[in-house]
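Listed below, chain by chain, are the residues.
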Amino acid sequence: MSVQPGWRQLPGRLRGGIVLLGALAVVALCGPLLTRDPAAVLDPAAAALLPPGASRVLVTLADGSTILADAARQDRGEWRVTRLGAERTIPAGRVAQVARHRFWLGSDSVGRDVLARLCAGGRVSLGVGALALIVALLIGVAAGLVSGWRGGVVDAVLMRVVDAALAVPTLFLLLFLAAILRPSLAALILVLGLSSWMGVARLTRGQVLSLKERDFILAARAIGAGPGRIAAFHVLPNALTPIVQDAALRLGDLILVEASLSFLGLGVQPPTASWGSMVAEGQEMLASAWWLTALPSVLVALAVIGAGLVADGIQDLSRRKAAAT
Amino acid sequence: MLRFAGRRLAAAVVLVWLVATVTFVLVALAPGDAASRLTDPRISAQTRERWRREFGLDRPLPARYAAWLGAAATGDLGTSWLHHRAVTTVLGDALPNTALLAGLGLMVEIAGGVAIALVQLRRARGRLDSALSFAALASYALPTFAVALALIGVFSYRLGLLPPSHMHSLAGEQAHGPARMFDLLLHLVLPAATIGLTGLGAVARYLRGVLLDERGRLYVLAARARGCSEQRALLVHVLPNALLPLITMIGMSLPFLASGSLVVEVVFSWPGMGQLMFGAALARDVPLLMGATILMTVAVVAGNLVADLAYAVVDPRVRL
């Protein structure tokens, strides 16, 4: 009798990984809600390379335009706004709102709010990683199922292709593909997926081979189930745990590889931000503005750690199940 | 043993041939051919036509493939568009530099990983053990470029101790003998440390598991019963057995080493294969791209072969 384990009964590492990845995803997705409109506080002259925690005063005028000021104070029906050392007065009637904008994580060399940009970059980094993972899973599971089920020449050819593709170092393969294709987000996702399906195929094939001769598969064949039905309803559900565990690790790898590729300038193209390309942009200011390189790097690492914890946790879970039976 | 080696060698050759063929097919399938992709629109149609003939693009695909494969097999990978020299010469200049950097990085990685795993084993599941386990996970999770930039930030910019880029300083370039060696070593420290630091986590994680398994075996108990100390049992009896599968693991991790050293070479301006590949990708230098990819695959496959053979030498069971 197995009881569905509740959240509290899950292994600690699995819970930790899910919380970490979930938190990163929520922050990335809710960025536009949590942070101010990046365009409103964009002011290269007044707010370039601010350290984390620095703040400016955001003056919104009645016509919707904004001024990012060092200070603003109200003086007898007018606002005295200081920006770049110069003071100007604005009639109170033209000022819609005055609010303090804090650059919690600083600003970059053209005055962009790093927190807002990290959120935007997170959507790209995590999104590209997740979509590439789906591509890798689709190709890899299909190839593994066919290879394991059919056997023979198909299997031999497919597995040699897998061996060959695994022997090419990932970044060399990706630079090669990036150079001969036109760069775009869709191409990047496709190319990342294409660089990562081989492991999935090998794993799925192994699972199919070990399940193929089992009695329940034989029974399914005996009652006339076709290969598609057997693959979908009998083989895959039983092979799911190792594939999901591998997929979690793979997600971490894909996020890392996307970061490297974007860091090299051959992944996500500007002005779109990804964590990797943000590090590349901040590289010039390494000595003076550490937050531009350190923060996106740490976020990449946290995402990969989260994925690794999920993978470890799934292993804990299956080990626990094996011990219980 | 010879039959085993022969079989593995044949498989390796087939593998390299497959990779070479796939790179050729990918280039052939890519939108636009070399003559149209390479250059700006101001170049006239006649010039393009002449180029197409020079590159042999006017011939049918199978003929081009046969000619290219034949040339590649005899060590002719064409001429680099970027460097205007034979691809093999360009790669030949860079390969030793990459081998030096990646080799040293690998040594740092193994030494560091083994040391961490041994320290963890002294009190498994203790506080130090879990702290080091987390450090190992972080070492795996941190992007290579982040570690490289952090080291440059601290040791080059903050402390001014070590050079942040290139293989030699201007003075070192002209020096001879020990002075030149010392200059090279100084430039090697940060890039090799980067490769080592990003790789040691995986080694430590792997080795800790194997060591824990091995330590519970009966032969360890027997050694302890003979009066062998805990320390000695670990170092003399357990470690050699655990290092065996490590050979295979390192053989399989060679592609990661190559990818990691690519980023390191770019960040540290190290004149190796990775840097060449990067330049070739930016300039879309197709012959160099193909050459570098194939040569790096050959290096990885050769490394794998060496690891397999080394394993077969120390463990006769796998020769079957």
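Quantities reported herein were computed from a predicted structural model and do not represent experimental measurements.

Trainee: What is the right way to read the overall build of chain B from this model?
Mentor: A tally of regular secondary structure across chain B gives 14 helices and zero strands. Counted from the first residue to the last, chain B has its helices and strands arranged as α-α-α-α-α-α-α-α-α-α-α-α-α-α. Projected onto its principal axes, the C-alpha coordinates of chain B cover approximately 85 × 55 × 40 Å. In chain B, buried positions account for 46% of the 320 residues.

Trainee: Is there a simple way to think about unusual backbone geometry in this case?
Mentor: Excluding glycine, residues mostly carry a negative phi; peptide bonds, for their part, are mostly trans. For the bond running from Pro-270 of chain A to Pro-271 of chain A, omega is 10°, close enough to zero to count as cis. Of note, Pro-271 of chain A is situated in the loop between helix H8 (227-263) and helix H9 (275-282). In the Ramachandran plot, Arg-76 of chain A falls in the positive-phi region, its phi being about 45° despite a non-glycine side chain. Tracing the backbone through its elements, the reader meets Arg-76 of chain A in the loop between strand S3 (71-75) and strand S4 (78-83). Backbone geometry places His-84 of chain B, a non-glycine residue, at a positive phi of 55°.

Trainee: Help me understand helix H4 (residues 170-180) of chain A, please; the structure alone is not making it clear to me.
Mentor: Note that an α-helix has 3.6 residues per turn; residues three or four places apart therefore point the same way. Across the 11 residues of H4 of chain A, 10 count as buried, placing the element largely inside the fold. Here H4 of chain A has its buried residues at Leu-171, Phe-172, Leu-173, Leu-174, Leu-175, Phe-176, Leu-177, Ala-178, Ala-179 and Ile-180 of chain A.

Trainee: Explain the pairing of strand S5 (residues 86-91) of chain A to me, please; I cannot follow it from the model alone.
Mentor: Two faces, one strand: in a regular strand the side chains alternate between the faces of the sheet. Residues and elements named next belong to chain A. Bridge analysis of S4 against S5 gives six bridges, and the strand direction is antiparallel. Paired with Trp-79 across the strands is Ile-90, a residue of S5. Hairpin remark: S4 followed by S5, antiparallel, with two residues in the connecting loop; positive phi at Leu-84, about 55°.

Trainee: Can you walk me through the interface of chain B and chain A in this structure?
Mentor: Accessible area lost when the parts come together is the quantity often used to give the size of an interface. Each partner contributes to the interface: chain B provides 46 residues, whereas chain A provides 39 residues. Here chain B meets chain A over a buried area of about 3600 Å², counting both sides, of which 80% is carbon and sulfur. Interface area lost by chain B to chain A is led by Tyr-140, Phe-145 and Leu-149 of chain B, which between them contribute 17%. One can count one salt bridge joining chain B with chain A. Notably, a salt bridge pairs Asp-312 of chain A with Arg-205 of chain B, separated by 3.2 Å at the nearest N-O pair.

Trainee: I would appreciate a short explanation of the side chain of Thr-194 of chain B in the present structure.
Mentor: Position of Thr-194 of chain B relative to the elements: it lies in helix H9 (residues 177-215). Those residues within four positions of Thr-194 of chain B in sequence are excluded, and the remaining contacts are Thr-144, Val-147, Ala-148, Leu-151, Val-264 and Phe-268 of chain B.

Trainee: What am I meant to see in the pattern of salt bridges here?
Mentor: Pairing of side chains with opposite charge becomes possible as their charged atoms draw close. Residue and element names in this part refer to chain A. This structure, assessed with the given rule, holds 21 salt bridges over all chains. Here Asp-43 makes a salt bridge to Arg-83, at a shortest N to O gap of 3.0 Å. Taken together, the residues Asp-43 in the loop between helix H1 (12-34) and strand S1 (55-61) and Arg-83 in strand S4 connect sequence positions 40 residues apart. For Asp-43, a relative accessible area of 11% corresponds to the buried category. In this structure Arg-83 comes out as partly exposed when scored by relative accessible area, which is 28%.

Trainee: What should I look at first to understand the packing of aromatic side chains in this one?
Mentor: Each aromatic ring pair is described using two quantities: the centre-to-centre distance and the angle formed by the ring planes. Residues and elements named next belong to chain B. One pass over the structure, following the stated rule, counts four aromatic pairs over all chains. With 5.2 Å between their ring centres and 35° between their planes, Phe-24 and Trp-68 make a pair best called tilted. Note that Phe-24 is positioned in helix H1 (residues 2-29) and Trp-68 in helix H4 (residues 61-73), a separation of 44 residues in sequence. Across the pair, Trp-68 and Phe-24 agree in class, each one buried.

Trainee: What am I meant to see in the environment of Leu-194 of chain A here?
Mentor: Tracing the backbone shows Leu-194 of chain A in helix H5 (residues 185-194). As for Leu-194 of chain A and Arg-160 of chain A, which are separated by 34 residues in sequence, their C-alpha atoms are 16 Å apart.

Trainee: Would you mind going over the environment of Lys-321 of chain A with me for this structure?
Mentor: Residue and element names in this part refer to chain A. Structurally, Lys-321 can be placed in helix H10 (residues 291-324). Residue classification places Lys-321 among the exposed positions, given a relative accessible area of 56%. C-alpha of Lys-321 to C-alpha of Ala-156: the two residues are 165 residues apart in sequence and 34 Å apart in space.

Quick notes on the rules
Residues numbered from 1 in each chain as written. Chains lettered and ligands numbered in written order. Predicted model: local features only at pLDDT ≥ 70, side-chain atom pairs only at ≥ 80, totals over all residues. Heavy atoms only, no water. Helix = DSSP H or I, 4+ residues; strand = E, 2+ residues; numbered from the N terminus. Buried < 20%, exposed > 50% of the residue type's maximum accessible area, 1.4 Å probe, protein only. Pairing = 2+ DSSP bridges. Contact = heavy atoms within 4.5 Å. Buried area = accessible area lost by both parts, 1.4 Å probe. Salt bridge = Lys/Arg side-chain N within 4 Å of Asp/Glu carboxyl O. Phe/Tyr/Trp six-rings, centres within 6.5 Å; stacked < 30°, edge-to-face > 60°.

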